[in-house]
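Chains, contacts and geometry: an overview
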Amino acid sequence: MGLESALGNGFLTTKMDTLVNWARSNAAWPMPMGLACCAIEMMAFAGPRYDAARFGSEVMRFSPRQADVMIVAGWCTYKMSHAIRRIWDQMPDPKWCIAMGACASTGGMHRCYGVVQGVDNFLPVDAYISGCPPRPDAVLHALMKIQDKIKTEHSVMLDS
Amino acid sequence: MSLELSEPLQKTVDSLSENFSESLIKVYQSSGDTFIQIEADSLLEVTRHLKDKLHYVYLSDIFGIDRYTSEERFEVVYNLLSLKDRARVFLKVRCEEENPELESVVSIWKSAGWNEREVYDMFGVHFRNHPDLRRIFLPEDFEYFPLRKEFPLLGIPGSIELPSTTPESE
């Protein structure tokens, strides 16, 4: 990098995309869509032992307008699906979605008429977490996968 | 069949067989609980008597059973508790598959309202003179009764709508 030496101390050159993605990936604020027992593990994920703050995701936002990642934690009924989709539609772009646990991913043990067999029936899910419920490490893993995904996205430069 | 009834339960059974001998079908015990089956026509009189004369002031629960028989297919069970005598009885009535209908007991126990709505929601048993007989869990435009035996486990595809996956603005 020859340019830095010409610019002097305190400057660096990078791509705008890389800079924006770096900022976004380290400030992915979750929207906790806690529907069942997975929500308890989600609290542990945010708490001091597992500490989602290390990844910039400690701010659980209960307002969809301030959130970036929706964590659907728990089984979702057909009646609830309309509320979830409405909250998802209110989240500003760019946004990502984690289906946490067996129930949110596939319906899990709730194989019946009232439960949606996987929230990907009405939400664009980016990361699925297995487990019933998953350990908080698994949620962190999904969050890191989302961070990896954000870092490969084209934020400013159009993909032409 | 011999019954081992505690004193308050014996009093209940005696009082019912004295006053409603014609509508009393069967009294039996199972797993330590006492079940009294009566004719559906006399449901209101019997429940009124149970509450006013025998102090069954607390209606714990109402639930339905799909017996899946050709006659008297549906059964509704009233779980009654006497706080004064510390006694619990289960009162059973049956109704037919075609237009299953029973008298509502909301006039006796106000708490029956939501319980009867649940039985209606799941089994399609109608309750006459219920103040607000709507579905309680499922969407109001749902056409089926999911706890009936013929209802498939995973439901009828497309019978409950999923949200649109395109936002309203687009």
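The model shown is predicted, which means the values in this text are computed figures rather than measured ones. (Residues numbered from 1 in each chain as written. Chains lettered and ligands numbered in written order. Predicted model: local features only at pLDDT ≥ 70, side-chain atom pairs only at ≥ 80, totals over all residues.)

**Observations regarding the overall build of chain A**
- Scanning chain A from terminus to terminus reveals 6 helices and 4 strands.
- Reading chain A from its N end, one meets helices and strands in the order α-α-β-α-β-α-β-α-β-α.
- In terms of its C-alpha atoms, chain A occupies a principal-axis envelope of roughly 65 × 40 × 25 Å.
- Expressed as a percentage of its 160 residues, the buried residues of chain A come to 36%.
- The long-range share in chain A, meaning contacts at least 24 apart out of those at least 6 apart in sequence, stands at 78%. (Helix = DSSP H or I, 4+ residues; strand = E, 2+ residues; numbered from the N terminus. Buried ≥ 20, exposed ≤ 12 C-beta atoms within 10 Å, placed from the backbone. Contact = placed C-beta atoms within 7 Å.)

**Observations regarding the interface of chain B and chain A**
- Opposite the 10 residues of chain B that make contact, chain A presents 12 residues.
- Within the side of chain B that touches chain A, the residues separate by chemical class into 8 nonpolar, 2 polar and no charged. (Nonpolar A, V, L, I, M, F, W, Y, C, P; charged D, E, K, R; others polar.)

**With respect to the sheet that holds strand β4 (residues 127–129) of chain A**
Residue and element names in this part refer to chain A.
- Reading across the sheet, the 4 strands line up as β1-β2-β3-β4 and stay open at both edges, with parallel pairing between neighbours. The sheet is open, and its two borders are formed by β1 (30–34) and β4, each paired with just one other strand. With direction set aside, neighbouring strand axes in the sheet form an average angle of 15 degrees. (Pairing = 2+ DSSP bridges. Axes fitted to C-alpha atoms, helices over the stretch in contact; angles between N-to-C directions.)

**Quick look at helix α4 (residues 78–90) of chain A**
- The end-to-end C-alpha separation of α4(A) is 19 Å, in line with the 18 Å expected for 13 residues at 1.5 Å each.
- At its buried positions, α4(A) is contacted by β1 and β2 (69–73) of chain A. (Expected span 1.5 Å × (residues − 1).)

**Points about the packing of helix α2 (residues 16–25) of chain A against helix α6 (residues 136–151) of chain A**
Residue and element names in this part refer to chain A.
- Relative to each other, α2 and α6 sit at 160 degrees, their axes nearing to 8 Å. Taken together, the axes of α2 and α6 are roughly antiparallel relative to one another. Along this stretch, α2 crosses α6, giving a crossing that reads as right-handed. Between α2, through Asn-21, Arg-24 and Ser-25, and α6, the contact on the second element is made entirely by Gln-147, Ile-150 and Lys-151. (Parallel < 35°, antiparallel > 145°, perpendicular 65-115°, else oblique. Left-handed = near helix turned anticlockwise from the far one by under 90°.)

**Considerations on the sheet that holds strand β3 (residues 58–66) of chain B**
All names here are of chain B.
- If you walk across this open sheet you meet the 5 strands as β1-β2-β5-β4-β3, and the pairing is mixed. Each edge of the open sheet carries a strand with a single partner, namely β1 (24–30) and β3. This sheet shows a mean twist of 20 degrees between the axes of neighbouring strands, independent of strand direction.
- In terms of strand pairing, β3 meets strand β4 (residues 74–82) through 8 bridges, oriented antiparallel. Across the sheet, Leu-59 pairs through a bridge with Leu-80, a residue of β4.
- Running at roughly 35 degrees to strand β5 (residues 87–95), helix α1 (residues 7–19) makes contact with β1, β2 (33–38), β4 and β5 of the sheet.
- Along the sheet, helix α3 (residues 112–123) makes contact with β3 and β4, crossing β3 at roughly 10 degrees.

**A word on the packing of helix α3 (residues 38–46) of chain A against α6(A)**
Residues and elements named next belong to chain A.
- In the contact formed by α3 and α6, the axes pass within 8 Å of each other and the chain directions differ by 70 degrees. Taken together, the axes of α3 and α6 lie roughly perpendicular to each other. Packed against α3, whose contacting residues are Glu-41, Met-42, Ala-44 and Phe-45, the element α6 presents Pro-136, Val-139 and Leu-140 at the interface.
- Residues that form the contact of α3 with α6 fall into these classes: 6 nonpolar, no polar and 1 charged.

Any functional reading would require information that these geometric values do not contain.
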